[in-house]
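Residues per chain are reported as follows:
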Amino acid sequence: LLYCVDTEGRLSILNRQGRVIRSFVVNGAANLALSRTGNIIISGYHNPYISIYTPTGELVRRFTKGHDQLCGPVGLAVNKEGHIFVGERRGNCVSVFTEEGTFLYR
């Protein structure tokens, strides 16, 4: 499957033939990654938070760094332990979270 976000804020899931099998709107999406559990992790440069959706488009949770806001999230990655790495442009750093949204370190 191929997961992509367009400039209209729509996330589409395509099959091997390139046909859209599911599509839903995600606000301000610019980056995406898949969690170990199959959920879709979304960040957007203008959003100070991370959103996690099920493959059917249901919002599971939204989180940030607590009192600190994420500063221009520009990249996402997930490691084999399921930790979410968020590159922050304006913060010039990488923040790490659990899939449940717990901030681990920066």
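Everything that follows concerns the structure shown earlier in this document.
Predicted model only: the values in this text are computed from it and were never measured. As a convention, each chain's residues are numbered from 1 in the sequence order in which they are written. Given that this is a predicted model, residues contribute local features only at a pLDDT of at least 70 and side-chain atom pairs are listed and counted only at 80 or more, while totals for whole chains, interfaces and linings are drawn from all residues. Hydrogens and water molecules were not included; the side-chain quantities draw on all heavy atoms of the structure.

Describing the sheet that holds strand β3 (residues 20-25)
Next up, step 1: Strand order in the open sheet formed by 3 strands is β1-β2-β3, with antiparallel pairing between adjacent strands. In this open sheet, the two strands that pair with only one neighbour each are β1 (2-5) and β3. Strand-to-strand, the axes of this sheet are offset by a mean angle of 15°, without reference to chain direction.
Next up, step 2: Note on pairing: DSSP must find at least two bridges between two strands before they are called paired. Counting from the N terminus, the helices are DSSP H or I runs at least four residues long and the strands are E runs at least two residues long. Inspection of the sheet shows β1 paired to strand β2 (residues 10-14) by 4 bridges, in the antiparallel sense. Of the residues in β2, the one forming a bridge with Y3 is I13. All axes here are fitted lines through C-alpha atoms, helices being fitted over the stretch that makes contact, and every angle between N-to-C directions spans 0 to 180 degrees.

Points about the pattern of salt bridges
Next up, step 1: Should a side-chain nitrogen of Lys or Arg be within 4 Å of a carboxyl oxygen of Asp or Glu, the pair is scored as a salt bridge. Counted by the stated rule, this structure contains 1 salt bridge.
Next up, step 2: Note that R10 is salt-bridged to D6, the shortest N-O span being 2.8 Å.

Some thoughts on the side chain of S35
Next up, step 1: Assignment of secondary structure puts S35 in the loop between β4 (31-34) and β5 (40-43).
Next up, step 2: Among the polar contacts made by the side chain of S35, one reaches the side chain of T37 at a distance of 2.9 Å.
Next up, step 3: Residues count as neighbours in contact if any of their non-hydrogen atoms are within 4.5 Å of one another. Apart from the residues within four sequence positions on either side, S35 is in contact with I41, V78 and E99. The definition of a polar contact used here is a pair of N or O atoms within 3.5 Å, where within protein one atom must be able to donate a hydrogen and the other to accept one, and adjacent residues in sequence count solely through side-chain atom pairs.

Quick notes on the packing of aromatic side chains
Next up, step 1: What counts as a ring pair is set by centres within 6.5 Å for rings of Phe, Tyr and Trp (its six-membered ring), and what kind of pair is set by the plane angle: stacked under 30 degrees, edge-to-face over 60, tilted for all other angles. In the structure shown here, the tally under the stated rule is 3 aromatic pairs.
Next up, step 2: Aromatic side chains F24 and Y53 sit 5.9 Å apart centroid to centroid with 45° between the ring planes, which places their arrangement in the tilted category. With F24 in strand β3 and Y53 in strand β6 (residues 50-53), this pair connects stretches of sequence that are 29 residues apart. Assigned by exposure class, F24 and Y53 land together as buried. For every residue, the accessible area obtained with a 1.4 Å probe (protein chains only) is divided by the maximum for its type, and the residue is called buried under 20%, exposed over 50%, and partly exposed between those limits.

Some details on the sheet that holds strand β8 (residues 73-78)
Next up, step 1: Strands sit in the order β8-β9-β10-β11 across an open sheet of 4 strands; the sheet is antiparallel. Each edge of the open sheet carries a strand with a single partner, namely β8 and β11 (103-105). Averaged over all pairs of adjacent strands, the angle between their axes in this sheet comes to 30°, without regard to strand direction.
Next up, step 2: Where β8 meets strand β9 (residues 84-88), 5 bridges bridge the pair, whose relative direction is antiparallel. Looking across to β9, one finds that A77 is bridged to F85.

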